[in-house]
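Understanding the architecture of this molecule
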Amino acid sequence: MQSILPLPTQPVKPGTSTGQQFWPSDTSAGTHKTIDSFSPADGQLIARVHVSTRSDYDRVVETAQSAFADWRLVPAPRRGEIVRQMGEQFRRYKRELGTLVSYEMGKSLQEGLGEVQEIIDICDFAVGQSRQLYGLSMHSERPAHRMMEQYHPLGIVGIISAFNFPVAVWSWNAMLAWVCGDVCVWKPSEKTPLTALACQQIITEVLRNNDVPEGVSCIVTGGRDVGEWLARDPRVALVSATGSTKMGKAVAEAVAGRLGRSLLELGGNNAIIVSEHADLDLAIPAIVFGAVGTAGQRCTTTRRIIVQERVYDDVKERLKKAYAQLRIGNPLDESFHVGPVIDRQAVSAYQATIAEIRESGGRFVVEPGLVEGLGFESGCYVKPCIAEAENSWPAVQRETFAPILYMLKFTTLDDAIAQQNGVPQGLSSAIFTLNMREAERFLAVSGSDCGIANVNIGTSGAEIGGAFGGEKETGGGRESGSDAWKAYMRRQTNTINYGTTMPLAQGITFEL
Ligand code: UN1
């Protein structure tokens, strides 16, 4: 593997920073534990990164606090201008960062580049947003009174991100938080720390050139305990967490225990309904990309297809043919469609779920298995597979982060919608149909219960312009587009009396 960025040769150190501290010069590793980052593509150790100690963490949060005092005073459009410059940097380093994402995380190079494109897109979005942090004005019930609301920055935003979108999800949070006047403390996944440090490095020049105070962009690294420090810390106004439902519940409880704010984007169990009125030429590629893209490790991955009985066999045959064409291999080689899963633990989860499906009586239409031999030494390559299953089986009810697709059958659309909604999660959903009544029924109040519901588009690959997130065990948070920015600000209602009397609301009189 040729070096993509100059990969560090000594443990790298996160921190407060405008980023200057973390590249390889630091040698004080002795007192720090390190995280080893291995590439699932070839099993190579690509970096050692310091784990933040509690005192590192406290120093970072203190620096972030003092940065907030200054940053909130910078006019929002000016903050937007700084984010615009960051977008330019990500354009400049798109190939390098996309390649590093692909190498450290294992998604295909195309998808690594796509992820960086999401950063660029959210930067553009945030620039516009920086001039649109609108509050409403209201007509007061009292004479000579004016009412309005304003949005003010919150303070420190803690960002806990997952390995599967190691950089894009940070950017959805950070870019909006920054234009809103907040400062960010990012805890990246311990499986992908290097991509996080690379992002910090990429924006350093912009932070420096604009004299942005030290502490506006911070990174802390480590595992669960570091996440807990953020969740329990009353200095952190908002904790935005992306990852498993288990992790989200722990974060939500800890943050709620101090009445802080959390924004949760957790597991999905996304289904595509394929109607007898579907255009299968559209449906099949959408299903395949949704199920095998990022080796089944997106929270929007298509995990279930619910197929009308009249087209069921046709869909099955077409999927078999499509899956037979899938090429599995090194994600950096663009001739392959499917890369590895993140690590051997993920391979074990894939295997355990497959065994469970077989025990329940599931039949595999496309067989699962490990891919071994030359080029697959990391032990992280698995075959995308399809099983005929029942919606009620425990394995089908949970999210296994792997390319396993379940085929379910339906007769009536009501039954299809009941199956689609009949899981604990509620992130993304889709219907393929050319029948307008079916499409509208799916989107109606009694249709999909998910945060994302699509027609003739798959479940994954959402654009940043919409609000991203879901219901039920997905956690209820909304990130990225639409009015998701409001989560990063505090709303203040103002009533101003410009008259000469003191009338009370609700018609109350209070004579002195
Ligand atoms: C995630 O998997 O956490 O919609 C995010 C998509 C991507 C984002 C997924 N834009 O598939």
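Residues numbered from 1 in each chain as written. Predicted model: local features only at pLDDT ≥ 70, side-chain atom pairs only at ≥ 80, totals over all residues.

You'll find the protein entered in an unreviewed UniProt entry as aldehyde dehydrogenase (NAD(+)), with Spirosoma utsteinense given as the organism. Quoted verbatim from the Sequence similarities (unreviewed entry) heading of the UniProt record, the comment on the protein is "Belongs to the aldehyde dehydrogenase family." The UniProt entry for the protein carries the following comment under Subunit (unreviewed entry): "Homotetramer." (UniProt positions renumbered as here; feature names shortened; annotations may be inferred.)

This part is about the sheet that holds strand β3 (residues 137-139). Each strand in a sheet pairs with another by means of backbone hydrogen bonds, the pair being arranged parallel or else antiparallel. Strand order in this open sheet of 3 strands is β3-β4-β21, and the pairing throughout is antiparallel. Looking along the sheet, the strands with just one partner apiece sit at the ends: β3 and β21 (489-497). Adjacent strand axes in the sheet meet at a mean angle of 20 degrees when their direction is disregarded. Pairing between β3 and strand β4 (residues 145-153): 3 bridges, direction antiparallel. Among the inter-strand pairings, S137 is bridged to a residue of β4, identified as M148. (Pairing = 2+ DSSP bridges. Helix = DSSP H or I, 4+ residues; strand = E, 2+ residues; numbered from the N terminus. Axes fitted to C-alpha atoms, helices over the stretch in contact; angles between N-to-C directions.)

Take the site of the ligand next. Around the ligand, the neighbouring residues are E118, N164, F165, V169, T242, R298, C299, T300, S460, G461 and A462. In the shell around the ligand, the residues fall into 4 nonpolar, 5 polar and 2 charged. The residues that make up the shell around the ligand include at least three from each of domain 1 (34-266 + 475-492) and domain 2 (270-463). (Near = placed C-beta within 6 Å. Nonpolar A, V, L, I, M, F, W, Y, C, P; charged D, E, K, R; others polar. Domains from an automatic or database assignment.)

Let's shift gears to the UniProt feature "active site" (unreviewed entry) in the protein. When the UniProt feature table is mapped onto this chain numbering, "active site" (unreviewed entry) sits at E265. The residue E265 is located in strand β9 (residues 261-265) in this model. On the basis of neighbour count, E265 is assigned to the buried category, with 29 C-beta atoms found within 10 Å. Non-local contacts of E265, meaning those with residues more than four positions away in its chain, are made with T242, G469, G475, G477 and E479. (Buried ≥ 20, exposed ≤ 12 C-beta atoms within 10 Å, placed from the backbone. Contact = placed C-beta atoms within 7 Å.)

Moving on, we get to the domain arrangement of the protein. Assigned domains of the protein: these are domain 1 (34-266 + 475-492) and domain 2 (270-463). A C-alpha centroid distance of 30 Å is found between domain 1 and domain 2. In this assembly, 17 residues from domain 1 lie in contact with 18 residues from domain 2. Per element, the largest residue contribution to the side of domain 1 that touches domain 2 is 4 residues, and it comes from helix α3 (residues 94-105). Classifying every residue of the side of domain 1 that touches domain 2 gives 6 nonpolar, 7 polar and 4 charged.

So, about the nonpolar core. L176, V185, I305 and Y488 are the most contacted members of the largest nonpolar core, which has 144 residues in total. Residue assignment places this core across two domains, with domain 1 (34-266 + 475-492) and domain 2 (270-463) each supplying three or more. Contact partners of L176, with chain neighbours within four places excluded, come to A126, Q129, A484, W485 and Y488. Core analysis: the second largest hydrophobic core is formed by 6 residues, C299, L427, I452 and F468 among them. (Core = buried A, V, L, I, M, F, W, Y, C linked by C-beta atoms within 7 Å.)

Our focus in this paragraph is α3. Here α3 spans 16 Å end to end across 12 residues, near enough to the 16 Å set by a 1.5 Å rise per residue. Across the 12 residues that make up α3, a large majority, 9, are buried. Every buried residue of α3 is listed here: L97, G98, T99, L100, V101, S102, Y103, E104 and M105. Lining the buried residues of α3 we find β1 (34-38), β2 (45-50), α2 (76-92), α4 (109-129) and α6 (193-209). (Expected span 1.5 Å × (residues − 1).)

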